[in-house]
Amino acid sequence: MTRNEPFETERMAADDTPADDPLSLSQALLLPRVVIENTSPVIDAGAFPVKTEVGRTVTVASTVYADGHDVLAVTLNWRQAHSRRWHSLPMRFLGNDRWEGDFRVAEVGRHLFVIEAWIDAYGTYCHDLEKKFVAGVDVTLEREEGRLHLEHGAERSGNALREQLATLVKRLRKGLPAAAEVELLLAQDTRALMAQADPRGYLSRSPEFPLEVERERAAFASWYELFPRSITDDPQRHGTFNDVHARLPMIRDMGFDVLYFPPIHPIGRQFRKGRNNALSAEEGDPGSPYAIGSDEGGHEAIHPQLGSREDFRRLVAAAAEHGLEIALDFAIQCSQDHPWLTAHPGWFSWRPDGSIRYAENPPKKYQDIVNVDFYAADAVPALWLTLRDVVQGWVDEGVKQFRVDNPHTKPLPFWQWLIADIRSRHPEVIFLAEAFTRPAMMARLGKVGYTQSYTYFTWRNTKAEIQEYFTTLDQPPWSLCYRPNFFVNTPDINPYFLHHSGRAGFLIRAALASMGSGLWGMYSGFELCESAPIPGKEEYLDSEKYQIRPRDFTQPGNIIAEIAQLNRIRRQQPALQSHLGVRFYNCWNDNIVYFGKRNPDDSYVLVAISLDPHNAQEAHFELPLWELGLDDNAVTRGEDLMNGHRWAWHGKTQWMRIEPWHLPFGIWRLDRAH
């Protein structure tokens, strides 16, 4: 090839076909010199948003490096998705190519963040100049280079910055002594001005990573579930919304802030279930509220025996006056009387004999329930839009929280669309997934938009199981996409642990749930220690799902006062307002779970819970003095958060005795002694 011939960017094989090169020169020239990788917090390379709450500080870290020894400049940039205005700040160098920055999110809604990095020309110059000057090397040429840096910076800058840099250049041209000139070139003010004028050579930019910012109650709330129809003093009289008003003060005083109702819609009559899930109902049996729909309406309607729409509105308003939000159940299933079966038969699956396919979970059969077919020809998009409109209708009535029944049995694309659609207009709306299924699916529901989820906490009973589960939820990817709501029981789940553990057993589970997560919940009757099961099953005898169950909420043996104090402690101690940050410490007894969480003021909340509801348990345990920067013999202050008793702790190793007939747990605040 002669000098005048063009350079070939692709080599040719002997048969004149392009060689199988993995990378052409033209492609290589476009690759970044500055590498940005291993950024956190990020879910699935940014395919889904990381969850956080308004007012929180988001810490972003990334590995950033380049070839050679040039100094890098790295910035963290963020904005609200609906805004074009980016905010920016320099990231901190942590060493070993790792950089970190943080920002506070002040508004609910979708946010984006991105990392930018480039070779800092003036920063590199200052680094080299300083080393040479300190080493006594002649820097005459370097001083001239510095003047050129400032001149070029002024040339590419706007008016105010240009004038400031031009002033510095004039000072340098006055023939300052070498030391004074170097001092001026290295001054922080000079560096700051040159940072503004930096051409950002070899700029690299990470992808834009999404962040979903939700309101505080998304991560910190106490849920209380009740059936409005059971708020009555007579099992033959159906309770109403108006009856629920009388329960609001006690629910508030127990410290709950979300009042959740199972479906409040008309109940089907065909194949209506009787008491204890009997296949045939008797006269007067109210049926399961999950068999939604009758000639009185479907998912948009209210069961007439509960009251009118105006009654519901008054209850929502009255609950708000007590600091309670009403949460509704969104169950996408229909009775065989649901109006949709007549109006939209193409939304359902039909068997070859013309009968409808009802719900089954062999050997269980749910003849009173049929499911829609999301991908039936007639269902797309009509069914999807109708279900969206159902949710929107209840949002318009003031409902901001929804517990969704079995979301893992419905299409993930549907949820990703519906939740995003609702939250685009109402970012304050919260969705709780009632999903007890495979871990990957439970995590995916969080990724596609669910705010919170039920968990397998209910079946974690041993010390090893509890420690492993709490620790897993505190680590990525779970900590980024999944907020666990620790329900201690549900109308469907009467845990084996509670069947014969008595009052102490209920206190054990309440303490584990309320101290373990910022989100916890209980179903009405738990505070009365109700536990009568169907023999051999984790189900309630005389389940409220199939009958009206009046209760005396003042009956002896209740744990109302203890629940109220647990919720009070949660409000007073910020560390308890999240499942994150849990640490397990040494406690030499496998029957005692012992963990701590750190408050912003550097105090610790320490929680010790006996898992034995029948016998006293004793153990030596360690105070986490090392996390306070104290030696093993330090004196610290302790406070019992259940009763206010205070004392001094001397040293790291302490001793405890827990007697379940008094209280099966201890909750202590640990502070430095002043």
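Residues numbered from 1 in each chain as written. Predicted model: local features only at pLDDT ≥ 70, side-chain atom pairs only at ≥ 80, totals over all residues. Heavy atoms only, no water.

Asker: It is not clear to me how the overall build of the chain should be interpreted in this structure. Could you clarify?
Answerer: The number of helices and strands found in the chain is 18 helices and 28 strands. Along the three orthogonal principal directions, the C-alpha set of the chain runs to about 105 × 75 × 55 Å. The 674 residues of the chain split such that 53% are buried. Look at the contacts in the chain between residues 6 or more apart in sequence, and 74% of them connect residues 24 or more apart. Within the structure as shown, the chain displays about 30,900 Å² of accessible surface, and the carbon and sulfur contribution to it stands at 51%. (Helix = DSSP H or I, 4+ residues; strand = E, 2+ residues; numbered from the N terminus. Buried < 20%, exposed > 50% of the residue type's maximum accessible area, 1.4 Å probe, protein only. Contact = heavy atoms within 4.5 Å. Areas by Shrake-Rupley, 256 points an atom, 1.4 Å probe, with all protein chains shown as cover.)

Asker: It is not clear to me how the UniProt feature "site: Transition state stabilizer" (unreviewed entry) in the chain should be interpreted in this structure. Could you clarify?
Answerer: The residues that UniProt annotates with the feature "site: Transition state stabilizer" (unreviewed entry) are Asp 492. Looking at the element boundaries, Asp 492 is found in the loop between strand 19 (485–487) and helix 16 (496–499). Those residues in contact with Asp 492, other than ones at most four positions away along the chain, are Glu 538, Glu 539 and Lys 545. (UniProt positions renumbered as here; feature names shortened; annotations may be inferred.)

Asker: Help me understand the domain arrangement of the chain, please; the structure alone is not making it clear to me.
Answerer: Here the chain is partitioned into domain 1 (29–120 + 205–213), domain 2 (121–197), domain 3 (215–576) and domain 4 (582–672). A straight line from the C-alpha centre of domain 1 to that of domain 4 covers 38 Å. (Domains from an automatic or database assignment.)

Asker: Even after reading the chapter, I still don't get the side chain of Asp 257, so can you show me in this structure?
Answerer: Mapped onto the fold, Asp 257 is located in the loop between helix 8 (248–253) and strand 12 (258–261). There is a polar contact of 2.9 Å between the side chain of Asp 257 and the backbone nitrogen of Ser 222. A polar side-chain atom of Asp 257 sits 3.1 Å from a polar atom in the side chain of Arg 571. Setting aside chain neighbours within four positions, we find Asp 257 in contact with Arg 217, Ala 221, Ser 222, Gly 323, Leu 324, Glu 325 and Arg 571. (Polar contact = N/O pair within 3.5 Å; in protein donor to acceptor, adjacent residues only side chain to side chain.)

Asker: It is not clear to me how the sheet that holds strand 13 (residues 325–330) should be interpreted in this structure. Could you clarify?
Answerer: Picture the strands of a sheet paired through backbone hydrogen bonds; they go either parallel or antiparallel. In space, the 8 strands of this open sheet follow the order 18-17-16-13-12-11-20-19, with parallel pairing throughout. Strands at the two margins of the open sheet, each flanked by one partner only, are strand 18 (452–453) and strand 19. With 5 bridges joining them, strand 11 (residues 221–225) and strand 20 (residues 519–523) adopt parallel strand pairing. Within strand 20, the position partnered with Ser 222 by the bridge is Trp 520. Contacts from helix 18 (residues 560–572) reach strand 11 and strand 20, with the element oriented near 165° to strand 20. (Pairing = 2+ DSSP bridges. Axes fitted to C-alpha atoms, helices over the stretch in contact; angles between N-to-C directions.)

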